[in-house]
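# Structural description and commentary
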Amino acid sequence: MLDPIISARGVNVFYGDSQALFDIELDVLPNKVTALIGPSGCGKSTFLRSINRMNDLIPVCRFEGELTLSGQDIYDKSVDVVALRAQVGMVFQKPNPFPKSIFENVAYGLRIHKMCTAKSELQDRVEWSLKSAGLWEEVSHRLDEPGNSLSGGQQQRLCIARAIAVQPKVVLMDEPCSALDPIATAVIEDLIDSLRKDYTIIIVTHSMQQAARISQRTAFFHLGKLVEFGETKTIFTTPKDERTQNYITGRIG
Amino acid sequence: MIDFGKNAGFDLKGRHRAEARFQWMGKIAIAISLFFLAAMVFTIARDASGIIKQTQIQLQLDLTDATGIAQNNKHPSYGKAVKAALRAQFPKVKKRKDKKRLYGFASPEAGFEIARMIDESPEILGRITKVWVTASDGLDLYLRGKVDMDLPERQRRVSDAERDWIATLQEQGHLRRVFNWGFLTNGDSREPEVAGILSALVGTAYSLAVCFAFAFPVGIGAAIYLEEFAPKSRLSDLIEVNINNLAAVPSIVFGLLGLSMFLGVFGMPRSSPLVGGLVLALMTLPTMIIAARAALRSVPPSFKEGALALGASPVQAVFHHVFPVAMPGMLTGSIVGMAQALGETAPLLMIGMVAFIVDIPTSILEPATALPVQIFLWADSPERAFTEKTAAAIIVLLVFLVSMNLIAILLRRKLETRF
Ligand SMILES: Nc1ncnc2c1ncn2[C@@H]1O[C@H](COP(=O)(O)OP(=O)(O)OP(=O)(O)O)[C@@H](O)[C@H]1O
Ligand SMILES: [Mg+2]
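Residues numbered from 1 in each chain as written. Chains lettered and ligands numbered in written order. Predicted model: local features only at pLDDT ≥ 70, side-chain atom pairs only at ≥ 80, totals over all residues. Heavy atoms only, no water.

Across its full length, chain B carries 17 helices and 3 strands. For a compact globule of 419 residues, the expected C-alpha radius of gyration is about 22 Å, and chain B comes in at 30 Å, more than 25% above that figure. For chain B, the C-alpha atoms occupy an extent of roughly 95 × 70 × 40 Å along the three principal directions. Evaluated residue by residue, chain B yields a buried proportion of 42% over its 419 residues. (Helix = DSSP H or I, 4+ residues; strand = E, 2+ residues; numbered from the N terminus. Rg over C-alpha atoms; globule rule 2.2 N^0.38 Å. Buried < 20%, exposed > 50% of the residue type's maximum accessible area, 1.4 Å probe, protein only.)

And the structure:
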């Protein structure tokens, strides 16, 4: 079996006095798509945002436990969140391109991390990122147009290109398709599948079909607890827990 | 069939009536405010129209033996030559009292005007030349029909003899009315016919420049820190409440602060635009901070989140993504604050910018006055001609204000990204 790239041990997350996650134990395997499913408010986003420490931005949010990325504790005092987030990219539910040109959107991460010294190198990396995100054909002739002049699905792929431009190890996606129509969703799903060979992807989704289609492993959360975690096929065909059974058949949620 | 018409019930009639009533009230309110605005503009424009043109009087000036004056005086005046020229035009006037009235036709400043002419073309010295000099405000008012000649002679400004002399001058073509450039190019003066707005205008421009140079960076910096970086705590709440309260503090209090701090403690030059600008800056800072914070808050947080998730540091996220989007709003807010400062009189009185300034200030350290203070000073003067100056100065102030707002709009258009 593969070594896990991310492992959570006894993770508890609190918002002020209320606890959002209880004792999460979870191993994410590299180069696989891991889907997080569960009813609304069960803590999927909270868990996802713990991995790149975006929860640090919420003053009342408190983390307990151990979360390692490639064996390193990411909540260790020596960890700089800037370095962490360069390794763990994120795509948000609502496409949020910067109010800049398409090119600058993708180039931004490369610029702040000083990853490209020469201009041609920068252009190559931007082109490569847009190609990986399956957007190059559509935007190659209009790179200096504003990012939000694109359609919703194109904007979301632009955000994916922006995230992978800095070549992170892990890409976190929080319901990336919930604002998109079925055709744009299908395009992104294909994209996620093709990105799997280079990245580890953790995706939150409310669509059981989507989880079944694109993920290899699925984690089912309920009321802040990790109820069941395993091969996607197993979870959807022979779930062990009754709550999982009820959720995937649509009886809770 | 369902009735969708007026009589369908649902209190439709009552609602329509309420709608119509409200629309009427709104229209009346707008009409009232427009009426007062128009009345204000009309009266000011009417009063100010008097100074568009200015009367000049032509003199046959004998400067044949005036060469010594320039050498012996630092500020030479040719008042004697002016008087002689007037006497020469009316040789029959002999009585001392009458001569004095005659001299009153030319402005007391005419002697200095001639000195300036000699500076420009020295060849007129030692010759007899015809020159146009500014006439006194009394003559100007008479020519414009502003002197009531139906009153008994003792009560009017222009006697019968003067009236006849003026008629003679007019017949001989020695009087003319020209565009009053002097109003825009002169400093203040005790003589209304030569008093100009330039010294106050320059003083205001300097003060506002100092105000902007100080208040904008400080205000924007404070707003960015408070809005984006400051941890939420009791202290930050307290600061917030205080800033909001400071915005409502009467401006004269800031004048007192400037008096004791900038003049008393730091010993900055009194009456200078530097101190005036700093006082105005203190006054506008709270407004600017509040406006800038509102502009920052209106930037969608998703930009900042996206940048942070990419590994940008908080400062990078703010300065690359939040600041540029908020910039037009912050600028507009600042210019609104500056427009407030432009009309402020009280704090400037406190720090001595109420001085009588003839010379145009050439730096922010020289004594100066400001437009609203100048208006206040002129409005306070008894001479009738100063009433017109007051109105004209108000127009200059309004034009200044409108141009500032125009700049704000243009800058906003330019900075507002197309994204
Ligand atoms: N910023 C916050 N402050 C306080 N409580 C929060 C905050 N964000 C989330 N919570 C709480 O934490 C719990 C988990 O929220 P979370 O957003 O992780 O749920 P989720 O599974 O992502 O739900 P959804 O599917 O609706 O996105 C919820 O009870 C929520 O109320
Ligand atoms: Mg969520």
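What follows deals with the pairing of strand β9 (residues 217–222) of chain A. Looking along a regular strand, one sees side chains alternate from face to face of the sheet. All names here are of chain A. Extensive coverage of β9 is indicated by the burial of 6 of its 6 residues. Side chains of β9 alternate between two faces, with R217, A219 and F221 and T218, F220 and H222 buried alike. Pairing analysis gives 4 bridges linking strand β3 (residues 33–37) to β9, with the strands arranged parallel. The residue of β9 that forms the bridge with L36 is A219. Across 6 bridges, β9 lies against strand β10 (residues 225–231) in antiparallel orientation. Note on β10: the bridge partner recorded for F221 is L226. Between the antiparallel neighbours β9 and β10 lie 2 residues, among them L223 with a positive phi of about 50 degrees. (Pairing = 2+ DSSP bridges.)

Evaluation of the coordinates by the stated rule reveals 26 salt bridges over all chains. Between E145 of chain A and R142 of chain A there is a salt bridge, and its shortest N-O distance comes to 3.3 Å. Given the relative accessible area of 33%, E145 of chain A is considered partly exposed. Across the salt bridge formed by R156 of chain B and D160 of chain B, the nearest N and O atoms sit 3.0 Å from each other. By sharing partners, the salt bridges in this structure join D140, R144, R177 and E388 of chain B into a single network. (Salt bridge = Lys/Arg side-chain N within 4 Å of Asp/Glu carboxyl O.)

Let us now look at unusual backbone geometry. Residues and elements named next belong to chain A. Phi is positive for N31, which is not a glycine, with a value near 55 degrees. For N31, the location among the structural elements is in the loop between β2 (18–28) and β3. With a relative accessible area of 33%, N31 lands in the partly exposed category.

The next subject is a positive patch on the surface. Residue and element names in this part refer to chain B. Residues K80, K83, R87, R96 and K100 make up a contiguous surface patch of positive charge. Counting only elements with at least two residues in the positive patch, the list comes to α3 (79–89) and α4 (96–103). Sort the elements by how many residues they give to the positive patch and α3 lands first, with 3 residues. Note on placement: K80 falls in helix α3. (Patch = residues over 30% accessible without salt bridge, like charges linked within 9 Å, V, L, I, M, F, W, Y side chains within 5 Å. Areas by Shrake-Rupley, 256 points an atom, 1.4 Å probe, with all protein chains shown as cover. Lys, Arg positive; Asp, Glu negative; His and termini not counted. Charge placed at Lys NZ, Arg CZ, Asp CG, Glu CD.)

Moving on, we come to the sheet that holds strand β3 (residues 175–179) of chain B. Residue and element names in this part refer to chain B. Pairing is antiparallel across the open sheet formed by 3 strands, whose spatial order is β2-β1-β3. Each edge of the open sheet carries a strand with a single partner, namely β2 (128–134) and β3. Sheet twist, expressed as the average angle between the axes of neighbouring strands with direction ignored, equals 35 degrees. In this sheet, β2 lies alongside strand β1 (residues 53–62) in antiparallel orientation, the contact comprising 7 bridges. When the sheet's bridge partners are listed, I57 is paired in β2 with V133. (Axes fitted to C-alpha atoms, helices over the stretch in contact; angles between N-to-C directions.)

Attention now moves to the environment of A392 of chain B. Residue and element names in this part refer to chain B. If you trace the backbone, A392 turns up in helix α17 (residues 384–415). Taking the C-alpha atoms as reference, A392 lies 7.6 Å from D47; in sequence the two are 345 residues apart. Residues contacting A392, with those up to four places away along its chain left out, are A48, I51 and F183. (Contact = heavy atoms within 4.5 Å.)

Here we take up the domain arrangement of chain B. Residue and element names in this part refer to chain B. Along its sequence, chain B is organised into domain 1 (50–180) and domain 2 (198–415). A straight line from the C-alpha centre of domain 1 to that of domain 2 covers 45 Å. Contacts between domain 1 and domain 2 engage 7 residues on the former and 6 residues on the latter. Three residues stand out in domain 1 for area buried against domain 2, namely I51, L141 and K146, and they jointly supply 65% of the buried area on that side. Between the two partners, domain 1 and domain 2, sit 1 salt bridge. Among the ionic pairs, E388 bridges to R144, the shortest N-O distance being 2.2 Å. Where domain 1 touches domain 2, the interface holds 1 residue pair in polar contact (both at pLDDT 80 or more). For the side of domain 1 that touches domain 2, the class distribution of residues is 2 nonpolar, 2 polar and 3 charged. (Domains from an automatic or database assignment. Buried area = accessible area lost by both parts, 1.4 Å probe. Polar contact = N/O pair within 3.5 Å; in protein donor to acceptor, adjacent residues only side chain to side chain. Nonpolar A, V, L, I, M, F, W, Y, C, P; charged D, E, K, R; others polar.)

Right, let's talk about the side chain of D174 of chain A for a bit. Residue and element names in this part refer to chain A. Mapped onto the elements, D174 comes out in strand β7 (residues 170–174). In this structure, D174 is buried with no salt-bridge partner, the nearest side chain bearing the opposite charge being R49 at 6.2 Å. Polar contacts involving the side chain of D174 include one to the side chain of S45, which spans 2.9 Å. Contacts of D174, omitting those with residues within four sequence positions, involve S45, L48, V91, F92, Q93 and V204.

The subject of this paragraph is the site of ligand 1. Residues and elements named next belong to chain A. The immediate surroundings of ligand 1 are formed by Y15, A20, S40, G41, C42, G43, K44, S45, T46, I58, E175 and H206. Coverage of ligand 1 by the protein chains reaches 61% of its 630 Å² of free accessible surface. Ranked by residues supplied to the shell around ligand 1, first place goes to helix α1 (residues 44–51) with 3 residues. Considering only residue class, the shell around ligand 1 consists of 4 nonpolar, 6 polar and 2 charged. (Near = heavy atom within 4 Å.)

In this section: a nonpolar patch on the surface. Residue and element names in this part refer to chain B. On the surface, a nonpolar cluster with roughly 540 Å² of combined accessible area is contributed by I30, L34, L37, M40, V41 and L398. In terms of residue count, helix α1 (residues 12–49) provides more of the nonpolar patch than any other element does, 5 residues in total. Structurally, M40 can be placed in helix α1. According to the relative accessible area criterion, M40 is partly exposed, its value standing at 39%.

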